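# Tertiary structure, described
Okay, here's what each chain looks like letter by letter:
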Amino acid sequence: MSCIYCINFLKRRNYRILYNNSVNETSTTIRTLVGLSNNRRGLRKLQTILNTIQSLWSSLSLPFIPRPTSPLTIEQSQRLEDVMETSNGVFKGILDRFNGITVESEHEYNAADDFPEKLKRSLDYWQRKRNRAIWFKVNEKHSNWIPALTENGFQFHHARDGYLTLVCWLPENEYKNLPPCAHTMLGVGGLVVNKECKEILVVSDRYALIPNSWKLPGGFIEPKENLVESGIREVHEETGIETEYETMVSIRHSHGGLFDTSDLYFVMALKPKNFNIKRDEREISKAKWMPFEEYLNHPHVHETNRNFLKIYLDYQKCGLCFVLQKAKHQILKKEYCLYFMKSILEESGQGEVVKEDSKNCDK
């Protein structure tokens, strides 16, 4: 009887307890499930169960799952569990914490499938399971899925290089609570100052809206790039100047940007490590070190850009800076960057403001 209970238990879906476990762990798990005592008699019954499972394994028609050569990632573990919990004949998606499902064509595409019919069966199944948002991530190679998806109520949500994501909200008596597509562009500007010479690094874009105008070097943040890393990279690409982070200076927020997005522009002060400019001739028409006074009064410097330098100089007078501290989320184990205001004296750990070494002003 114990043997039949264990086999039925495994057939329902919970045979994942056997996956990636040692023999001892598997034996202990089965013994606990069946309720066998940890004595000689219980162990003999357990051995009988294990022998029976081994002989009947092929008759259960369970999918073969290769043993990984390296530890599973969180996404792989989630995918493995969801594959086992999905009924036959429907798409096997990733279950999220909001009871939504994500189906990726990279994993689910089968040219032999009748896609419209399989999609309808899947939607019926997810309705019964009371799933909420159904996401289809369709690779451009499988774009023939798209017409059937739109005919069944799916809407375009966002696109990235190589794929399109569509979504369908299933609950009829619940507010459609979907996250919006990314709607804000992120940009950085590097305020690079030679304090000894009281000069600021400026550039003039080759394709500027206002020809011959002067601005801070900078540009857009690349995917999965930290703000500071982006600022340092952009300054180096445009001017050849190597820098390191000093403080965050200002944030500008506006709307109606590229592709009708909003725009966040982070300005940070960066300390130069060298002073010989090697501009990017493809994007930058001019680059130079400009004296503070000239910059603050130049007719071809936008007022907002002048204010960035004024704010930075005010921070210096007040002895304040925005410190960058890296930390890791205790649950997600993902690194994040935290910016907060702090005294320059406290940050330097000394009783007086640290003076930088003299720099050669003859460039």
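Residues numbered from 1 in each chain as written. Predicted model: local features only at pLDDT ≥ 70, side-chain atom pairs only at ≥ 80, totals over all residues. Heavy atoms only, no water.

The chain is annotated in an unreviewed UniProt entry as Nudix hydrolase 2 isoform X2 of Glossina fuscipes. In its Sequence similarities (unreviewed entry) section, the UniProt record describing the chain reads: "Belongs to the Nudix hydrolase family." (UniProt positions renumbered as here; feature names shortened; annotations may be inferred.)

### Things to note about the pattern of salt bridges
What the rule picks out here adds up to 13 salt bridges. A salt bridge links D263 to R252, with the nearest nitrogen and oxygen atoms 3.0 Å apart. Of the two residues, D263 sits in strand β10 (residues 262-272) while R252 sits in strand β9 (residues 243-254), which places them 11 residues apart along the sequence. We classify R252 as partly exposed; its relative accessible area is 35%. Linking K288 and E294 is a salt bridge whose minimum nitrogen-to-oxygen distance equals 3.6 Å. For K288, a relative accessible area of 30% corresponds to the partly exposed category. We classify E294 as partly exposed; its relative accessible area is 32%. (Salt bridge = Lys/Arg side-chain N within 4 Å of Asp/Glu carboxyl O. Helix = DSSP H or I, 4+ residues; strand = E, 2+ residues; numbered from the N terminus. Buried < 20%, exposed > 50% of the residue type's maximum accessible area, 1.4 Å probe, protein only.)

### Section: the pairing of strand β3 (residues 133-139)
By the criterion of burial, β3 is predominantly enclosed, with 6 of the 7 residues buried. Taken together, the 7 bridges between β3 and strand β5 (residues 163-169) define a ladder with antiparallel strand orientation. Each residue of the ladder has a partner; that of A133, found in β5, is W169. (Pairing = 2+ DSSP bridges.)

### Let's talk about the nonpolar core
Among the nonpolar cores identified, the biggest contains 21 residues, and F91, F115, L119, W126, F136, L149 and F154 are the most heavily contacted of them. Elements supplying a minimum of two residues to this core: β2 (101-104), α6 (115-128), β3, α7 (146-151) and β5. No other element matches the 5 residues that α6 contributes to this core. Look past the residues within four positions of L119 in its chain and what remains in contact with it is F91, F136, A148, L149, N152 and F154. (Core = buried A, V, L, I, M, F, W, Y, C linked by side-chain atoms within 4.5 Å. Contact = heavy atoms within 4.5 Å.)

### Some points on the pairing of β2
Pairing geometry for strand β1 (residues 94-95) and β2, over 2 bridges, is antiparallel. Residue pairing across strands places L95 opposite I101, the latter belonging to β2.

### Concerning the sheet that holds β2
Within a sheet, each strand pairs with its neighbour through backbone hydrogen bonds, oriented either parallel or antiparallel. The sheet built from 5 strands is open, its strands ordered β1-β2-β3-β5-β4 with mixed pairing. Two strands in the sheet have a free side with no partner beyond their single neighbour: β1 and β4 (155-160). With 5 bridges connecting them, β4 and β5 associate as antiparallel partners. Paired with F156 across the bridge in β5 is L166. Where α6 meets the sheet, its contacts fall on β2 and β3, and the angle it forms with β3 comes to roughly 155°. (Axes fitted to C-alpha atoms, helices over the stretch in contact; angles between N-to-C directions.)

### Concerning the packing of aromatic side chains
The full count for this structure, using the stated rule, is 13 aromatic pairs. Ring geometry for F91 versus F136: centroids 5.6 Å apart, planes at 90°, classification edge-to-face. Placement of the pair is F91 in the loop between α4 (74-85) and β1 and F136 in strand β3, with a sequence separation of 45 residues. Among the aromatic residues, those joined into a ring-pair cluster are F91, Y109, F115, W126, F136, W145 and F154. (Phe/Tyr/Trp six-rings, centres within 6.5 Å; stacked < 30°, edge-to-face > 60°.)

### Some details on α6
For α6, built from 14 residues, the straight-helix expectation of 20 Å at 1.5 Å per residue is met to within 8% by its first-to-last C-alpha distance of 20 Å. Among all positions in α6, only F115, K118, L119, S122, L123, Y125 and W126 are buried. One side of α6 carries all its buried residues, which in axial view fall inside an arc of 160°. R130 lies just past α6 and shows a positive phi near 60°. (Expected span 1.5 Å × (residues − 1). Arc of directions from axis to C-beta.)

### Re helix α8 (residues 227-239)
Taking 1.5 Å per residue as the helical rise, α8 with its 13 residues ought to reach 18 Å, and the 18 Å between its terminal C-alpha atoms agrees with that figure. Every buried residue belonging to α8 is among L227, V228, S230, G231, R233, E234, V235, E238 and T239, and all of these are buried. G240 lies just past α8 and shows a positive phi near 80°.

### Quick word on unusual backbone geometry
For N99, which is not a glycine, the phi torsion comes out positive at approximately 65°. Inspection of the secondary structure puts N99 in the loop between β1 and β2. Look at N212: it is not a glycine, yet its phi comes out positive at around 70°. Structurally, N212 is set in the loop between β7 (199-205) and β8 (218-220).

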